[in-house]
Amino acid sequence: MLSSIISDFKIIFERDPAARNWLEVLLCYPGLQAVILHRLSHRLHRLGIPFIPRFLSHLGRFFTGIEIHPGAQLGNGVFIDHGMGVVIGETAILGDYCLIYQGVTLGGTGKDTGKRHPTLGENVVVGAGAKVLGNLSIGNNVRIGAGSVVLRDVPSECTVVGIPGRIVYRSGAKVNPLEHGNLPDSEATVIRSLIDRIESLEQEITKLKQREGVMVDR
């Protein structure tokens, strides 16, 4: 557990340019505090101790605004940036070095029992306000755009945007994980294509009218 906490601490300095010293990070980063408290509650949960793990989770939610169920499994170096409103369900699994922004929900659907929350691979970035719902498998190095709602599995090396989430492949291009706002706009691409098509048709209609006008004059 100690090695995981050290990884959680170090990753903040790598990914947050606002992190200036260890005291500031330790005392003023609710994401780190919530993860540390979760690692303790998760250890007690695995030992089968009743009530206390859930109570620690509740305390973490009260003080940080981040709710992580004691049953959730977090890999090393998980960074919850800002974090207010983050909810991580009981059977959720997060791989190493996942980056979670505020307002994210890793939740379930309905009242199913067993594994009902998503599994995230390594180096997954989930943008602000995104929702990943159900027993889904999210591959490694996936980026989920802010405000997206993901309802289906996502293979590795992909970007997901929109409601419901749509996959946009990036051809293996390496992207800085902090640039989660730099996502392709698939809707804008489609609209641009339609506009171009309309302009082309208007030009053809104009040419046809001109030809008809010349024939009438003759």
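Here's a quick rundown of the structure. Quick caveat, the model's predicted, so the values are computed rather than measured.

## Some words on the overall build of the protein
Scanning the protein for helices and strands turns up five helices and 15 strands. Across the protein, every contact between residues at least 6 apart in sequence was considered, and the portion connecting residues at least 24 apart equals 35%. Accessible surface computed for the protein: about 12600 Å², of which carbon and sulfur atoms make up 57%.

## Let's talk about the pattern of salt bridges
If you walk through the whole model with that rule in mind, you get three salt bridges. For Arg61, the salt bridge goes to Glu67, with nearest N and O atoms at 3.0 Å. A relative accessible area of 43% means that Arg61 is categorised as partly exposed. Residue Glu67 is classed as partly exposed on the basis of its relative accessible area of 27%. Salt-bridge contacts for Glu90 lead to Arg116; the nearest nitrogen and oxygen are separated by 2.6 Å. Taken together, the residues Glu90 in the loop between strand S4 (87-88) and strand S5 (93-94) and Arg116 in the loop between strand S7 (105-107) and strand S8 (119-120) connect sequence positions 26 residues apart. Given the relative accessible area of 27%, Glu90 is considered partly exposed.

## Overview of helix H4 (residues 52-64)
Here H4 contains 13 residues, and its C-alpha end-to-end distance of 18 Å stays within 8% of the 18 Å for a straight helix at 1.5 Å per residue. Turning to H4, its buried residues are Pro53, Leu56, Ser57, Gly60 and Thr64. Buried residues along H4 cover an arc of 100 degrees about the axis, so they all sit on one side. In the core, the buried residues of H4 are packed alongside helix H3 (30-46) and strand S1 (67-68).

## Quick look at the packing of helix H1 (residues 2-15) against H3
The interhelical angle for the contact between H1 and H3, taken along N-to-C directions, is 170 degrees, at an axis separation of 10 Å. The orientation of H1 with respect to H3, classified from their angle, is roughly antiparallel. Here Ser4, Ile5, Asp8, Phe9 and Ile12 of H1 come into contact with H3, specifically with Leu32, Val35, Ile36 and Arg39. Looking at side-chain class alone, the contact of H1 with H3 contains six nonpolar, one polar and two charged residues.

## Details of empty space enclosed by the protein
Over the atoms rolls a probe the size of a water molecule, and its path tells where empty space is left. What the rule picks out here adds up to one cavity of 30 Å³ or more. Every residue lining the largest cavity is listed: Ala34, Leu37, His38, Ser41, Leu56, Ser57, Gly60, Arg61, Ile66 and Ile68. Elements supplying a minimum of two residues to the lining of the largest cavity: H3 and H4.

## Brief notes about H3
Here H3 contains 17 residues, and its C-alpha end-to-end distance of 24 Å stays within 8% of the 24 Å for a straight helix at 1.5 Å per residue. What H3 keeps buried is the set Gly31, Leu32, Ala34, Val35, His38, Arg39, Ser41, His42 and Leu44. Phi for Gly48, located one or two positions after H3, is positive at around 80 degrees.

## Brief notes about the layout of surface pockets
Size it by volume and the second largest pocket reaches roughly 160 Å³. If you trace the second largest pocket, you find it lined by Met1, Ser4, His38, Arg39, His42, Arg43, Arg46 and Leu74. With five residues, H3 is the largest single contributor of residues to the lining of the second largest pocket. The class makeup of the residues in the lining of the second largest pocket is two nonpolar, three polar and three charged.

## So, the sheet that holds strand S2 (residues 73-74)
Across the sheet, which stays open at both edges, the four strands sit in the order S2-S5-S8-S11 with parallel pairing between neighbours. Edge positions in the sheet fall to S2 and strand S11 (137-138), since each of these pairs with one other strand and no more. Alignment of S5 against S8, held across two bridges, turns out to be parallel. Considered in S8, the bridge of Leu94 is made with Leu120.

## Comments concerning a nonpolar patch on the surface
On the surface, a cluster of nonpolar side chains totalling about 510 Å² of accessible area is made up of Phe13, Trp22, Leu23, Leu26 and Leu27. Tracing the backbone through its elements, the reader meets Trp22 in helix H2 (residues 22-28).

How each quantity is defined
- As a convention, each chain's residues are numbered from 1 in the sequence order in which they are written.
- Note on the predicted model: pLDDT of at least 70 is required for a residue's local features to be given, and 80 or more for side-chain atom pairs to be given and counted; whole-chain, interface and lining totals, by contrast, use all residues.
- Hydrogens and water molecules were not included; the side-chain quantities draw on all heavy atoms of the structure.
- Helix and strand assignments follow DSSP, with helices taken as H or I runs no shorter than four residues and strands as E runs no shorter than two, numbered in order from the N terminus.
- Residue contacts are defined here by distance: any two heavy atoms, one from each residue, within 4.5 Å place the two residues in contact.
- Per-residue and other accessible areas follow the Shrake-Rupley method at a 1.4 Å probe size, with only the shown protein chains counted as cover for residues.
- The term salt bridge refers to a pairing of a side-chain nitrogen on Lys or Arg with a carboxyl oxygen on Asp or Glu at a separation within 4 Å.
- Residue exposure (1.4 Å probe, protein chains only): buried if accessible area is under 20% of the type maximum, exposed if over 50%, otherwise partly exposed.
- To estimate the expected span of a helix, subtract one from its residue number and multiply by 1.5 Å.
- It is the directions from the helix axis to the C-beta atoms that the arc portrays.
- Axis lines are fitted through C-alpha atoms, for helices just across the contact stretch, and the angle between N-to-C directions can take any value from 0 to 180 degrees.
- If an angle is under 35 degrees, it is roughly parallel; if it is over 145, roughly antiparallel; if it lies from 65 to 115, roughly perpendicular; otherwise it is oblique.
- Classes in brief: Ala, Val, Leu, Ile, Met, Phe, Trp, Tyr, Cys and Pro nonpolar; Asp, Glu, Lys and Arg charged; the others, Gly included, polar.
- Cavity: a set of points on a 1 Å grid over the protein atoms alone where a 1.4 Å probe fits but cannot get out. Pocket: an open set with protein on both sides within 12 Å along at least five of seven lines, its lining residues, like those of a cavity, having an atom within 4 Å of a point.
- Grid points are joined across faces, edges and corners, and a volume is the space filled by probe spheres set on the points.
- At least two DSSP bridges between two strands are required for those strands to pair.
- A patch is a set of surface residues, each over 30% in relative accessible area and not in a salt bridge, joined within 9 Å for like charges and within 5 Å for the nonpolar side chains Val, Leu, Ile, Met, Phe, Trp and Tyr.

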